[in-house]
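These are the residues of each chain, in order.
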Amino acid sequence: MKLSVFTVATPDLNAEELAAAAAAAGIDGIEWRFRGIPEDAISEEPSYWRNNRCSVDPSRWEEQVPVFREAAEGQGRKSIALVPYLNCGDLPATEQAFQAAVGLGASMMRVGVPGYDRKTSYPELYRKAVEYLSEVQDLAKQYNIKALVETHHQTIAPTASLAYRLVQSLDPQHVGVLYDPGNMVHEGYENHRMGLELLGPFLAHVHVKNAGWFESEKDSQKANVTEKSGGAALNTAWKCHWTPLTEGMVDWIQMVRDLRAVGYDGYYGIEDFSGALESKAMLQHFADVFAEIERRVDEEEQS
């Protein structure tokens, strides 16, 4: 089983520290976050999406990429992916990211998908995305980097089937799907085995995290008061939150069974946002959990 880490989940480590921690945990691959740190965040404590010390700055990628690549190679790790935050349709930024991915020696890169907020119709967003991805495919072929569409909540690709609809007319040699079951807890759940079977050759990578739905204490108390007074609780709010890897709604043992059933042999990339463990401990926990999952699934297959 091949393991990787997406550095958005290790904001307190720099490139050298992350590569060393990955090596210590037996994690082979690194997916580098490609985003700058806002100037007003530099003095903040490390955080996933603002002051993330394990990120390549797009405005300085030519000087930084060799440093990040050497950090990985110095620990015997592979830079398997670049993970930017691209807007659908922004081809100049997409090509710049492809160039940075080549410099890293990566084989995969996430590309842009339109968000969905009820303001623009799905058919219009779909048309825009298909046009963009057609041009992305040409760039992916040119730079020999596979472009990935991620299953992600609040986009037009929250499910395997909607991600498949975006890529189905493209060449799976150059464009694939990054399957993220943790995101699909927030929005987009489908039977995982069925979704993986639908994706077929487009299944290119898997992200590992977990999440669950929780009723807020405030809303629960409000519902109790309403019920006692004889009224109807119409707006009780359930919210989705990230959880530790073994505590959420994704059954990762079954997930691995399903992935094996469809012949997946790629990386499993940790992207834990629960904050339950500090980065080094989180990486080791991930490696330990997946070693145990691999042992159990192997035993099932042999029995």
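Because the structure is a prediction, the values reported are computed rather than measured.

Asker: An account of the overall build of the protein is requested, with residue identities and associated values reported.
Answerer: Within the protein, the secondary structure is distributed over ten helices and eleven strands. The globule rule puts the C-alpha radius of gyration for 303 residues at 19 Å, and the 20 Å found for the protein is close to it. Over its C-alpha atoms, taken along the principal directions, the protein stretches across nearly 65 × 55 × 45 Å. Considering only residue pairs separated by 6 or more positions, the protein has 79% of its internal contacts joining residues 24 or more positions apart. Across the protein, the mean location of the 28 positive side-chain charges is 3 Å away from that of the 45 negative side-chain charges.

Asker: A description of empty space enclosed by the protein should follow, citing residues and the corresponding values.
Answerer: Counted under the stated rule, the structure contains one cavity of 30 Å³ or more. Reported here for the largest cavity is a volume of approximately 30 Å³. Around the largest cavity sit Glu 31, Ala 81, Leu 82, Val 83, Met 109, Arg 110, Leu 148, Leu 178, His 205 and His 207, which together line it. Mapped onto the lining of the largest cavity, the elements with two or more residues apiece are β4 (78-84), β5 (108-110) and β8 (203-208). Ranked by residue count, the leading element in the lining of the largest cavity is β4, at three residues. Across the lining of the largest cavity, the residue classes tally to six nonpolar, two polar and two charged.

Asker: Describe the confidence of the model for the protein, with residues and values.
Answerer: In this model, the protein carries an average pLDDT of 95, and 94% of its residues clear a pLDDT of 70 or more. When pLDDT is averaged over each helix and strand of the protein, the minimum, 55, is found for helix α8 (residues 217-228) and the maximum, 99, for strand β7 (residues 175-179).

Asker: Outline a nonpolar patch on the surface, supporting the account with residue identities and numerical values.
Answerer: Together, Trp 213, Trp 238 and Met 249 make up an exposed nonpolar region whose accessible area comes to about 370 Å². With respect to the helices and strands, Trp 238 occurs in strand β10 (residues 238-243).

Asker: So, the side chain of Thr 10: which residues are in play, and what are the values?
Answerer: Looking at where Thr 10 falls in the secondary structure, it is placed in the loop between β1 (2-6) and α1 (15-25). For Thr 10, a relative accessible area of 0% translates into the label buried. When residues no more than four places from it in sequence are discounted, the contact partners of Thr 10 are Val 5, Leu 18, Cys 54, Ser 279, Met 282 and Leu 283.

Asker: Go over the layout of surface pockets with me, naming the residues and quoting the values.
Answerer: Left-over empty space is what a probe sized like a water molecule reveals as it rolls over the atoms. Of the volumes computed, that of the largest pocket is approximately 480 Å³. Taken together, 23 residues form the lining of the largest pocket, with Tyr 85, Arg 110, Glu 150, His 152 and Thr 155 sitting closest to its centre. Partitioned by chemical class, the residues of the lining of the largest pocket number ten nonpolar, eight polar and five charged. For the lining of the second largest pocket, the element with the highest residue contribution is β10, accounting for three residues.

Procedures and definitions
Residues numbered from 1 in each chain as written. Predicted model: local features only at pLDDT ≥ 70, side-chain atom pairs only at ≥ 80, totals over all residues. Heavy atoms only, no water. Helix = DSSP H or I, 4+ residues; strand = E, 2+ residues; numbered from the N terminus. Rg over C-alpha atoms; globule rule 2.2 N^0.38 Å. Contact = heavy atoms within 4.5 Å. Lys, Arg positive; Asp, Glu negative; His and termini not counted. Charge placed at Lys NZ, Arg CZ, Asp CG, Glu CD. 1 Å grid on protein atoms, 1.4 Å probe; cavity = no way out; pocket = protein on both sides within 12 Å on 5 of 7 lines; lining within 4 Å. Points joined across faces, edges and corners; volume = space filled by probe spheres on them. Nonpolar A, V, L, I, M, F, W, Y, C, P; charged D, E, K, R; others polar. pLDDT = per-residue confidence, 0-100. Patch = residues over 30% accessible without salt bridge, like charges linked within 9 Å, V, L, I, M, F, W, Y side chains within 5 Å. Areas by Shrake-Rupley, 256 points an atom, 1.4 Å probe, with all protein chains shown as cover. Salt bridge = Lys/Arg side-chain N within 4 Å of Asp/Glu carboxyl O. Buried < 20%, exposed > 50% of the residue type's maximum accessible area, 1.4 Å probe, protein only.

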